[in-house]
Amino acid sequence: MEKQLSPEKAEKFCIIYAMYQIEKLTKFSNLFHAISTTREGNMSYNFGDLKKVNENMQKFLVTCKVDGNRCSTIRLVHGTRIVEVKKPANIYDPDSLVDADAMITRVRRLFLLIKTADCLPIMLFDPKVQAVGLVHAGWKGTENEITVKTVLDMKKYYGTKPSHLVVGIGPGIRKASYEFDKDTEKFSTNSRVWEKYISRKGDNYLVDLFKYNIDQLVHTGVKENNIIDCKIDTAKDKRFFSHYRDVRTSDGDRGRFVTVVGLK
């Protein structure tokens, strides 16, 4: 067990080999999940060449004992499309990927994978019907309730009851860091839905993506006690890539980290 260094008393992470996991999720024997860090390297083609990025992904998945040929991923576009995954995709060929921002499956040993660096990677697990989902929730997806829509798709396709879901929210940018020097247009265009999740800090504004998604989940019927917030702030915790930190400072690496989840 590695000591948690987050300044926000983050949910304890355990380390097995080189992969990071949210400890409470490891108690489910049929669920696998892992999160890469800067130590495993950049996982985005936007910040590295194809060969190096694929090498990083391959090494990470081998470390996790996950077969890369049993994985599926998507091209994230900050929309609300949800894909039901029934077979693997070529995760090493970016041109072959479909545009979407969430995936669901109940196929065993088929692993869902997304790449983030501040947006929230949200893992959904239904232990009753044995199904999983993986959501990319940035501010656009959050505003358009991508996580809620994914829950409803799991209900539609698999008979999932929201009250049965266990949700793990991986590393993302926290309210204390998500700061803007004015009420930016992207939030003010729909100020009513953001009103509860934007706070003033002097002349600046702080945005709470975590709280907004948690409230949406609870409103959908997910039990609050079943929502596990890792409390990792990517803007502050240098173990994880952060777009916000990267564009505002010269400190840290540029890239994305991977979240992978699936049924064993």
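Preceding this section is the structure that the text describes.
Rules used throughout
- Residue numbers restart at each chain and count upward from 1, following the sequence in its written direction.
- Local features in this predicted model are restricted to residues of pLDDT 70 or higher, and side-chain atom pairs are both shown and tallied only at a pLDDT of 80 or more, whereas totals for entire chains, interfaces and linings draw on every residue.
- With hydrogens and water stripped out, all remaining heavy atoms of the structure feed into the side-chain values.
- Working definition of a nonpolar core: buried Ala, Val, Leu, Ile, Met, Phe, Trp, Tyr and Cys residues. They are joined through side-chain atoms within 4.5 Å.
- Residue exposure (1.4 Å probe, protein chains only): buried if accessible area is under 20% of the type maximum, exposed if over 50%, otherwise partly exposed.
- Strands here are runs of E lasting at least two residues and helices are runs of H or I lasting at least four, both read from the DSSP assignment and numbered beginning at the N terminus.
- Strands are treated as partners if at least two bridges between them are detected by DSSP.
- Axis definition: a line fitted to C-alpha atoms, limited for helices to the stretch in contact. Angles are taken between N-to-C directions and run from 0 to 180 degrees.
- Note on contacts: a residue pair qualifies if any of its non-hydrogen atoms lie within 4.5 Å across the two residues.
- In this scheme, a helix's expected span is set at 1.5 Å multiplied by one less than its residue total.
- In protein, a polar contact means a hydrogen-donor-capable atom and an acceptor-capable atom, both N or O and within 3.5 Å, with residues adjacent in sequence counting only if both atoms are side-chain atoms; elsewhere, any N or O pair within 3.5 Å suffices.
- Arc, as used here, means the arc of the directions from the helix axis to the C-beta atoms.

1. Considerations on the nonpolar core
Okay, so step 1: One finds I122, L124, V167, I169, Y178 and W194 to be the most contacted residues of the largest nonpolar core, which totals 34 residues.
Okay, so step 2: Listed by contribution, the elements that provide at least two residues to this core are β6 (102–105), β8 (120–126), β9 (131–137), α3 (146–158), β10 (166–169), β13 (204–207) and α6 (209–220).
Okay, so step 3: Element by element, the count of residues in this core is highest for α6, at five residues.
Okay, so step 4: In this structure, M103, A117, F125 and I228 belong to the second largest nonpolar core, which totals 26 residues.

2. Points about the sheet that holds β6
Okay, so step 1: With respect to topology, six strands assemble into an open sheet ordered β5-β6-β9-β8-β10-β14, the strand pairing being mixed. Each edge of the open sheet carries a strand with a single partner, namely β5 (82–84) and β14 (227–229). Averaged over all neighbouring strand pairs, the angle between strand axes comes to 15 degrees, with direction disregarded.
Okay, so step 2: Pairing geometry for β8 and β9, over seven bridges, is antiparallel. Directly across from L124, in β9, lies its bridge partner G133.
Okay, so step 3: Sitting on the sheet, α3 is in contact with β5, β6, β8 and β9, with an inclination near 160 degrees to β9.

3. Some thoughts on α6
Okay, so step 1: With 12 residues, α6 should reach 16 Å at 1.5 Å per residue; the first-to-last C-alpha distance of 17 Å fits that figure.
Okay, so step 2: Those residues of α6 not exposed but buried are L209, F210, Y212, N213, I214, Q216, L217 and T220.
Okay, so step 3: For α6, the capping residue at the N-terminal end is D208, with a side-chain oxygen 3.4 Å from the backbone nitrogen of F210.
Okay, so step 4: Where α6 ends, the next residue or the one after it, G221, has phi of about 120 degrees, a positive value.

4. With respect to the environment of V261
Okay, so step 1: With respect to the secondary-structure elements, V261 resides in strand β15 (residues 257–263).
Okay, so step 2: Sequence spacing of V261 and L112 is 149 residues, and the spatial spacing of their C-alpha atoms is 5.3 Å.
Okay, so step 3: Setting aside its immediate chain neighbours within four residues, V261 contacts L31, F32, H33, L110, F111, L112, M123, G133 and L134.

5. Examining helix α1 (residues 50–64)
Okay, so step 1: Compared with an ideal rise of 1.5 Å per residue, which puts 15 residues at 21 Å, α1 spans 21 Å between its outermost C-alpha atoms and is within 8% of the ideal.
Okay, so step 2: Here α1 has its buried residues at V53, N54, N56, M57, F60, L61 and C64. Looking down the long axis of α1, one finds its buried residues gathered within 155 degrees of arc, a one-sided arrangement. Facing away from the buried side of α1, by more than 90 degrees, are the exposed residues K51, K59 and V62.
Okay, so step 3: Where the residues of α1 are buried, they touch β2 (19–22), β3 (31–35), β4 (71–73), β7 (111–116) and β15.
Okay, so step 4: The N-cap residue of α1 is D49: its side-chain oxygen and the backbone nitrogen of K51 are 3.1 Å apart.

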